[in-house]
Amino acid sequence: MAHFVEHTSCDACGSSDGRGLYSDGGWFCFACRKSSKSNQYTPVEAVEEDTLALPPGCTQDFGTEAVDWFKRYDLDVQDMVRHKLLWHEKRKQLVFSYYENDKLMCYQARNFSPTAKAKSYTKGSLKSCYPVYVGTSDTLVLVEDPASAIKVNKYAGLSTMPCLGSGIAKDRLAYLAQKYRKIYVWLDSNMLHSSMNIVAQLTMLGCESEPIFTMKDPKECSIVQIQQLL
């Protein structure tokens, strides 16, 4: 039986790490459910979606690495507690978790260990997960990462949603287009093409949409700049 090897990006839906690669050369995307096999290849690992759990040992006793990193972006421990962030001391990870009807759908762990192979990783299914930080209007700002979403939500007062990567599946865009009057797409500076593609899709769905381009990631922009842009 084939066994799981690693997560990687999916060409079909744009998920940054939704595609699982397996030892027999096959692949299965947990975000869009597409696979390399004609018979809807469903590997053993897919069962984990029903029993997804946070890494054991997570607490809100945040490590200084995570606190200092958050402060760099004009955010603080109160923001971490408010949005139910967690810290895993052994792994040196700051965990952003997202639920639907009290069920854990996915989480993204930001690594602070100097030996970590990747800056962050996402586990779970994005198919029906909409990790929105709720604002005070019917406008949404799509960004790449959770820290950017929290900062824009805090200082612009708008609803924000991290894509947890640079892309987002078409069916998820269709849902958002029905829910929000206007959607800004503010991805990192090297993802302008992806931003324009998402804006075009939203426009075709009848939703007012605009890209925002800055040389810095949203979380790295000043409070004043965020408020001026939005």
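Structural notes, computed from the coordinates.

So, how was this worked out
Residues numbered from 1 in each chain as written. Predicted model: local features only at pLDDT ≥ 70, side-chain atom pairs only at ≥ 80, totals over all residues. Heavy atoms only, no water. Helix = DSSP H or I, 4+ residues; strand = E, 2+ residues; numbered from the N terminus. Buried < 20%, exposed > 50% of the residue type's maximum accessible area, 1.4 Å probe, protein only. Contact = heavy atoms within 4.5 Å. Areas by Shrake-Rupley, 256 points an atom, 1.4 Å probe, with all protein chains shown as cover. Pairing = 2+ DSSP bridges. Axes fitted to C-alpha atoms, helices over the stretch in contact; angles between N-to-C directions. Phe/Tyr/Trp six-rings, centres within 6.5 Å; stacked < 30°, edge-to-face > 60°. Lys NZ or Arg CZ within 6 Å of the ring centre and 35° of its normal. Salt bridge = Lys/Arg side-chain N within 4 Å of Asp/Glu carboxyl O.

Digging into the overall build of the chain
And step 1. Looking only at helices and strands, one finds six helices and 11 strands in the chain.
And step 2. Counting across all 230 residues of the chain, residues that qualify as buried make up 49%.
And step 3. Sequence separation of 24 or more characterises 50% of the internal contacts of the chain that already satisfy a separation of 6 or more.
And step 4. When the accessible surface of the chain is summed, it comes to about 11600 Å², and 50% of that surface belongs to carbon and sulfur atoms.

Structural notes on the sheet that holds strand E11 (residues 208-211)
And step 1. Taken in spatial order, the four strands make up an open sheet running E9-E8-E10-E11, and their pairing is parallel. The outermost strands of the open sheet, each flanked by one partner alone, are strand E9 (159-162) and E11. Going from strand to strand, the sheet's axes swing by 20° on average, the running direction of each strand aside.
And step 2. Taken together, the four bridges between strand E10 (residues 182-185) and E11 define a ladder with parallel strand orientation. Residue pairing in the sheet places Lys-182 in a bridge with Glu-208 of E11.
And step 3. Against the sheet, helix H3 (residues 146-156) engages strand E8 (139-143) and E9, with an angle of about 175° to E9.
And step 4. Contacts from helix H4 (residues 170-179) reach E8, E9 and E10 within the one sheet, and its direction differs from that of E8 by about 155°.

A few points about the packing of aromatic side chains
For any two aromatic rings, the description comes down to two numbers: the centre-to-centre distance and the angle of the planes.
And step 1. Considering all chains together, one arrives at seven aromatic pairs under this definition.
And step 2. Taken together, a centroid distance of 5.9 Å and an interplanar angle of 40° make the contact between Trp-69 and Phe-70 tilted. Accessibility assignment for this pair places Trp-69 and Phe-70 in one class, buried.
And step 3. Taking 5.5 Å as the distance between ring centres and 90° as the angle between the ring planes, the aromatic pair formed by Trp-69 and Tyr-73 counts as edge-to-face. In this pair, the class of Trp-69 matches that of Tyr-73, namely buried.
And step 4. Lying across the ring of Tyr-130, Arg-172 places its NZ or CZ 5.3 Å from the centre.

Structural notes on the pattern of salt bridges
A side chain with one charge can pair with a side chain of the opposite charge if their charged atoms come near.
And step 1. Following the criterion strictly, the structure yields 12 salt bridges and no others.
And step 2. Between Glu-89 and Lys-92 there is a salt bridge, with the nearest N and O atoms lying 2.5 Å from each other.
And step 3. A salt bridge links Lys-182 to Glu-208, with the shortest nitrogen-to-oxygen separation between them at 3.5 Å. Placement of the pair is Lys-182 in strand E10 and Glu-208 in strand E11, with a sequence separation of 26 residues.
And step 4. The class for Lys-182 is buried, based on a relative accessible area of 9%.
And step 5. Since its relative accessible area comes to 40%, Glu-208 is described here as partly exposed.
And step 6. Through salt bridges with shared partners, a single network forms among Asp-138, Arg-181, Lys-182, Glu-208 and Glu-210.

All quantities given are derived from atomic positions and should not be read as evidence of function.
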